[in-house]
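One-letter residues, chain by chain:
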Amino acid sequence: MSLGHACVDVYQGAVAALVPYFVAERAYSYAAASGVVLAASLLSSLVQPLFGALTDRWAMPWLLPLSALTAGAGVALSGVTGSYAPTLAVVAVSGVGVAAYHPEAARVARAVARGRHTAMGWFSFGGNAGFALAPPLVFAVVATGGLRASPLLVVPALAGAALCAAAVRSAGPGARGGGGSVAVGEDDWGSFLRLSGAVACRSVVFVGLSTFVSLYVRQRTGGGEAAGTAALFVLYAGGAVGTLAGGRLAERYGRTTVVRRSYALTVLAVAGLVLVPGPPVYLFVALTSAGLYVPFSLHITLGQDFLPRRVGTASGVTLGLTVSVGGLAAPALGALADATSLQAALLPLVALPALGRLLLCGLREPVPPEAAVTERADPQKPVAR
């Protein structure tokens, strides 16, 4: 599941990694380039909760390999479409593939993880590793062959489809069943909405930096394409490591504590990224990556535990709708950059993790469904909360 997740999420990272090449080869403005990111996010944000609701009613493991192929096909065609409108269309199709994948994949992963934070951390690590591999993959393909070589980017999708199918077969009934099963506990919509608001703030920061950090670092350091690609790789690669750390830290300190402290770190890190000139910007990119990604898998399990009767819906919102909000904000950042400068456009991103931290104040740790079942079965046995 982790490897399959990597092969799917490489296409989320690939869209942002392609932005500098659209600017260079097709002379897109900042606003037009960020519109490509919006196209990947818009349909995804609208349909992912729908896929989550369907997952609550029916198990659909067959959707995993199909969605991997769809995500890859859209990105592979984006470099050969020529005009702007078809490029937006195929990138949007890729976004739908990503949207279809995540709610069902999160359900299957949670089933085989059996409630372990570290296991879900490994699942999320796969997705974030895919993000991290996207910039060097795109660089290797497009920097040498131009945008016309983009069909080669379909290869991870083929591998991902095979891996997803193999994972579902090996996982057994836990992966093929479970849709519409009776859950233990009551839905806490108030806490879930507060968590979702914080994830939305995180999303705007992440997508904004994914879209523009490559161009921004090139300006701040005076480097070329390799310097910008390196910055994007650090942003994504640090996230892969941070996700694993998040699962381990949560088992020691609790999920809500780790999430709140991560948002506080992100405020300082983004400020340093935007304001500190020269090569030290890479250090702040790495710290920003840690702050954004340490809570990534914890968002998923917290959302599922706040809505134990609607796990698919919770996954669709935390992995889809709120994450895609960043794509909706990207064109506004691009327009601001066209009117002022990239630095001025990125400054508002400093305030958003602070707002997310405020939303998380007082959020209580929910009882996981697995623990609730144990508590009912043996009321005398203490349950960790």
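As the structure is a prediction and not an experimental result, all values here were calculated from the model.

> Account for the overall build of the chain, with residues named and values stated.
If you tally the helices and strands in the chain, you get 16 helices and zero strands. Burial analysis of the chain (385 residues in total) assigns 56% to the buried set. Summed over all atoms, the accessible surface of the chain reaches about 14,400 Å², with 68% contributed by carbon and sulfur.

> Can you lay out the side chain of Arg 255 for me, pointing to particular residues and giving the numbers?
Here Arg 255 shows up in helix H10 (residues 255-275). Of note is the side chain of Arg 255, whose polar atom sits 2.6 Å from the side chain of Glu 365. A polar side-chain atom of Arg 255 sits 3.4 Å from the main-chain carbonyl oxygen of Pro 366.

> An account of the packing of helix H1 (residues 2-26) against helix H3 (residues 63-78) is requested, with residue identities and associated values reported.
Viewed as axis vectors pointing N to C, H1 and H3 meet at an angle of 10°, and their least axial separation amounts to 10 Å. Taken together, H1 and H3 sit at an angle that is classed as roughly parallel. Along its contact with H1, which presents Val 8, Tyr 11, Ala 14, Val 15, Leu 18, Phe 22 and Arg 26, the element H3 presents Ala 68, Ala 71, Gly 72, Val 75 and Ser 78. Residue classes in the contact of H1 with H3 are distributed as nine nonpolar, two polar and one charged.

> Before we move on, can you summarise the packing of aromatic side chains with the specific residues and values?
In this structure the tally under the stated criterion is 10 aromatic pairs. A ring pair is formed by Trp 122 and Phe 125, whose centres lie 5.3 Å apart and whose planes are at 75°; its orientation type is edge-to-face. Of this pair, Trp 122 and Phe 125 are both found in helix H5 (residues 117-145), three residues apart, which corresponds to roughly one turn of the helix. Seen from their ring centres, Trp 189 and Phe 192 are 5.9 Å apart, and the 90° between their planes marks the pair as edge-to-face.

> Residues and numbers for the pattern of salt bridges, please.
In this structure the tally under the stated criterion is five salt bridges. Of the charged contacts in the structure, one is a salt bridge between Glu 104 and Arg 107, with a shortest N-O distance of 2.7 Å. In this pair, Glu 104 and Arg 107 are both assigned in helix H4 (residues 84-113), three residues apart and thus about one turn of the helix distant. The same class applies to Glu 104 and to Arg 107, which are both buried. Look at the salt bridges and you will find they share partners, linking Arg 255, Asp 305 and Glu 365 into a network.

> Quick one: what's the story with the side chain of His 102, residue by residue and with numbers?
Residue position: His 102 is located in helix H4. Of the polar contacts made by the side chain of His 102, one reaches the side chain of His 5; its length is 3.3 Å. Within the local environment of His 102, its side chain forms a polar contact with the side chain of Asp 9, the two groups lying 2.9 Å apart.

> Provide a residue-level description of H4, including the pertinent values.
With 30 residues, H4 should reach 44 Å at 1.5 Å per residue; the first-to-last C-alpha distance of 42 Å fits that figure. Along H4, the helix axis deviates most sharply at His 102, where the bend reaches about 25°; the proline Pro 103 sits within four residues downstream. When you tally the buried positions in H4, you get 21 out of 30 residues, the bulk of the element.

> Break down the environment of Arg 309 for me, with residues and values.
Tracing the chain through its elements places Arg 309 in the loop between helix H12 (296-306) and helix H13 (311-339). Under the relative-accessibility criterion, Arg 309 is labelled partly exposed at 43%. Separated by 122 residues in the primary sequence, Arg 309 and Asp 187 place their C-alpha atoms 6.4 Å from one another.

Cut-offs applied
Residues numbered from 1 in each chain as written. Predicted model: local features only at pLDDT ≥ 70, side-chain atom pairs only at ≥ 80, totals over all residues. Heavy atoms only, no water. Helix = DSSP H or I, 4+ residues; strand = E, 2+ residues; numbered from the N terminus. Buried < 20%, exposed > 50% of the residue type's maximum accessible area, 1.4 Å probe, protein only. Areas by Shrake-Rupley, 256 points an atom, 1.4 Å probe, with all protein chains shown as cover. Polar contact = N/O pair within 3.5 Å; in protein donor to acceptor, adjacent residues only side chain to side chain. Axes fitted to C-alpha atoms, helices over the stretch in contact; angles between N-to-C directions. Parallel < 35°, antiparallel > 145°, perpendicular 65-115°, else oblique. Contact = heavy atoms within 4.5 Å. Nonpolar A, V, L, I, M, F, W, Y, C, P; charged D, E, K, R; others polar. Phe/Tyr/Trp six-rings, centres within 6.5 Å; stacked < 30°, edge-to-face > 60°. Salt bridge = Lys/Arg side-chain N within 4 Å of Asp/Glu carboxyl O. Expected span 1.5 Å × (residues − 1). Bend = angle between axes of the 7 residues up to and from the residue.

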